[in-house]
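Observations on the model geometry
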Amino acid sequence: MLDSFVFTVCAATIFTFCICSWLLDINYKYTIDMTGPVVDVNHIFYIAALASAYYLIRKRQIQFDFSLVLLCTVMVFVAIIDYHTEDYVPVSYAWILPMAYILGKLIVGTDRETINEKIVILYFSMAIPMYIQSVLDIGSNWKTGWALGTERWPEFWTGEIEPRTTYELGFVLTTSAFAFALYVFKKHTIASIIIIAANVLLQYMVMHVQGRQNPVLLILTILIVGCLVVYDRWHGDNKRLKKIFLTATTVGILIVVIIAVLFTTNTFGLMDKYKASYWADGGLLKNERIDINLTAFRSMLKWPNDNYTERAGLDRAHSMVLEYGRVYDMTVYLGLTLIRLLFIFQAIRLTLVKNSNSWIKYLIVPAFVSLNLYYTMEPNAYAHRYFWMPGLFFSGMIAGWLELEGRKIEK
């Protein structure tokens, strides 16, 4: 009963955190004119810390985790820099952000019979409220007949002006679950239909504000799940699967080649239509964020210890890690990059596991990829640092799953 209570409290906290994240703040203590409801993000930390302590006592052992040690080290280093520059507001993130990873790793438990069920519950405890909040945020523009444009408009809870790309984060987990819904359609028909319908609505809303991320992620996550299913079922006797895979690959390549030829030759005016659409402006074929991030990276190499926007008047990066590197220094950038590479390695290890329990990767791996692509192409998880917490929580759950799997192999 105590386990169920603690898990329920954590799931409820995650749900509330994700549906009301705009009401979370730290700098209200230092802002005289801030009005309206505000929740200190440290309250989330306290709940997560108490729950983590409980799960750690139940677990009765601590396995060395270099990713966590490095994450804590870099975050403390960042906090020290903030403190010495008298930027006291973000210092608390030195313990808030690592706690998301710690809780994700511990909350999945030590029981192979229930770990996947817990991950699914936690996934949708996060995906559903994030979806609702983004619908409310984009709905603020929808209500005006899209009169506020496609780039920036007031978000639902506080009325603060935020860019479209920030609102799109709330749809990422629902988009990532689309292929999983197709995979489990026969066993969980009603739930799958709800997920598919939610995806249809979000794609409609996103396209009305010229969003590009979720449509691309939808295709990408379908391909990821398709590859994972083929990998798991690939063996010498499965000639039918090999034939389907070969046919699908051949057809896919042919379609890409045909589309490329049609665009190149401007058949049916396809290239003209593309250039006239919102996809052409920093969109699909040439994403301007890549150029911005490359310029930012070169600028950071040129001024490794200085903020190049202040020194040379250059544009900021479209990347969470590059933004940390700009504001702090090259050391912080390298530390965070190594941390993310370690998380990617953990996700790859999960994709390679083949057993009756590894089906959870069809849900969690596409989400991990989508969230990390978002962090790579958007600076929002630096500007609103708690936006990195969902990604850290997912990395923690992957680490917890792998740790339990490794313990089973040792036995």
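Quick caveat, the model's predicted, so the values are computed rather than measured. (Residues numbered from 1 in each chain as written. Predicted model: local features only at pLDDT ≥ 70, side-chain atom pairs only at ≥ 80, totals over all residues. Heavy atoms only, no water.)

**What about the overall build of the protein?**
Per the secondary structure count, the protein includes 19 helices and four strands. On C-alpha atoms alone, the protein measures out to a radius of gyration of 22 Å, which is about the 22 Å that the 2.2 N^0.38 rule sets for 411 residues. Dimensions of the protein, computed from the C-alpha atoms along their principal axes, are close to 60 × 60 × 45 Å. For the protein, the residues scored as buried account for 49% of the 411 residues in total. Counted over contacts in the protein with a minimum sequence separation of 6, partners at least 24 positions apart contribute 71%. In the protein, the 35 positive side-chain charges and the 32 negative ones have mean positions that sit 12 Å from each other. (Helix = DSSP H or I, 4+ residues; strand = E, 2+ residues; numbered from the N terminus. Rg over C-alpha atoms; globule rule 2.2 N^0.38 Å. Buried < 20%, exposed > 50% of the residue type's maximum accessible area, 1.4 Å probe, protein only. Contact = heavy atoms within 4.5 Å. Lys, Arg positive; Asp, Glu negative; His and termini not counted. Charge placed at Lys NZ, Arg CZ, Asp CG, Glu CD.)

**Some thoughts on the packing of aromatic side chains**
Between two aromatic rings, the relevant description is the distance of the centres plus the angle of the planes. Here the structure, examined in full by the defined rule, presents 20 aromatic pairs. A centroid spacing of 5.5 Å and a plane angle of 65° characterise the contact between Tyr83 and Tyr88, whose relative ring orientation is edge-to-face. A centroid spacing of 5.0 Å and a plane angle of 80° characterise the contact between Tyr324 and Tyr382, whose relative ring orientation is edge-to-face. Of the two residues, Tyr324 sits in helix 15 (residues 320–327) while Tyr382 sits in helix 18 (residues 380–383), which places them 58 residues apart along the sequence. Classification of Tyr324 by relative accessible area gives buried; the value is 0%. Taken together through their ring pairs, the aromatic side chains of Phe17, Trp22, Tyr386 and Phe387 make up a single cluster. The aromatic ring of Tyr231 is capped on one face by Lys354, whose charged end is 4.3 Å from the ring centroid. (Phe/Tyr/Trp six-rings, centres within 6.5 Å; stacked < 30°, edge-to-face > 60°. Lys NZ or Arg CZ within 6 Å of the ring centre and 35° of its normal.)

**Side note on the pattern of salt bridges**
Counting across every chain of the model gives eleven salt bridges. With a shortest N-O distance of 2.7 Å, Arg58 and Asp3 are connected by a salt bridge. Here Arg58, found in helix 2 (residues 41–59), pairs with Asp3, found in helix 1 (residues 2–19); they are 55 residues apart in sequence, far enough to count as distant. Arg164 serves as the salt-bridge partner of Glu168, at 3.9 Å between the closest nitrogen and oxygen. Within this pair, Glu168 and its partner Arg164 are both found in helix 6 (residues 164–168), separated by four residues, close to a single helical turn. A relative accessible area of 4% places Arg164 in the buried class. Residues participating in the shared-partner salt-bridge network are Lys59, Asp65, Lys105 and Glu403. (Salt bridge = Lys/Arg side-chain N within 4 Å of Asp/Glu carboxyl O.)

**Re the packing of helix 5 (residues 115–142) against helix 9 (residues 189–208)**
If you want to describe how two helices pack, look at the angle between their axes and the distance between the axes. Where helix 5 meets helix 9, the closest approach of the two axes is 11 Å, and the angle between their N-to-C directions is 30°. Crossing angle aside, the handedness with which helix 5 passes helix 9 is left-handed. Residues Phe124, Tyr131, Val135, Ile138, Gly139 and Trp142 of helix 5 form the contact with helix 9, whose own contacting residues are Ile195, Ala198, Leu201, Leu202, Tyr204 and Met205. Of the residues belonging to the contact of helix 5 with helix 9, the class tally is eleven nonpolar, one polar and no charged. (Axes fitted to C-alpha atoms, helices over the stretch in contact; angles between N-to-C directions. Left-handed = near helix turned anticlockwise from the far one by under 90°. Nonpolar A, V, L, I, M, F, W, Y, C, P; charged D, E, K, R; others polar.)

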